[in-house]
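In case you want the letters, here they are:
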Amino acid sequence: MTIKIDRDSFTPTGVSQWGDAEGTVELTLGRETRRVRALKDEKYGWVYAYGVEGMYRTGSKWWNGSVRSDAEGKIYVQFGRYDNHPKFNKTTVRFKD
């Protein structure tokens, strides 16, 4: 599945309590693209896109999550617990409706 954040589409709408820019960004999951809520960390160059949920490869529950793009454009999908064990392979992500 293609997961992509269009970093250039970030549109600021305010400032978070931590001083980062809040706004919206275009997020692509597979063939579908949506504009979702986002947070941009200028210090590190990260962009967080919200409005997604994920499921573990071995599970059946959908977890609230986010997609992060680092300064080099590498994509990280974050949901559930932070565990790198192969048993917790995070392979399924979708937009929350």
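Asks: So what about the pairing of strand E2 (residues 21–29)? Which residues, and what values?
Replies: Where strand E1 (residues 3–15) meets E2, eight bridges bridge the pair, whose relative direction is antiparallel. Along E2, the bridge assignment pairs Ile3 with Leu29. Hairpin connection, E1 to E2: the antiparallel pair is bridged by five residues, and Gly19 has positive phi, about 95 degrees. The pairing of E2 with strand E3 (residues 32–41) spans nine bridges and is antiparallel. Residue pairing for E3: Thr28 is matched across the bridge by Thr33. Hairpin connection of E2 to E3: two residues between the antiparallel strands, including Gly30 at a positive phi of 65 degrees.

Asks: Before we move on, can you summarise the pattern of salt bridges with the specific residues and values?
Replies: Summed over the entire model, instances satisfying the criterion amount to three salt bridges. A salt bridge links Arg34 to Glu32; its shortest N-O distance comes to 2.7 Å.

Cut-offs and rules
- Residues numbered from 1 in each chain as written.
- Predicted model: local features only at pLDDT ≥ 70, side-chain atom pairs only at ≥ 80, totals over all residues.
- Heavy atoms only, no water.
- Pairing = 2+ DSSP bridges.
- Helix = DSSP H or I, 4+ residues; strand = E, 2+ residues; numbered from the N terminus.
- Salt bridge = Lys/Arg side-chain N within 4 Å of Asp/Glu carboxyl O.

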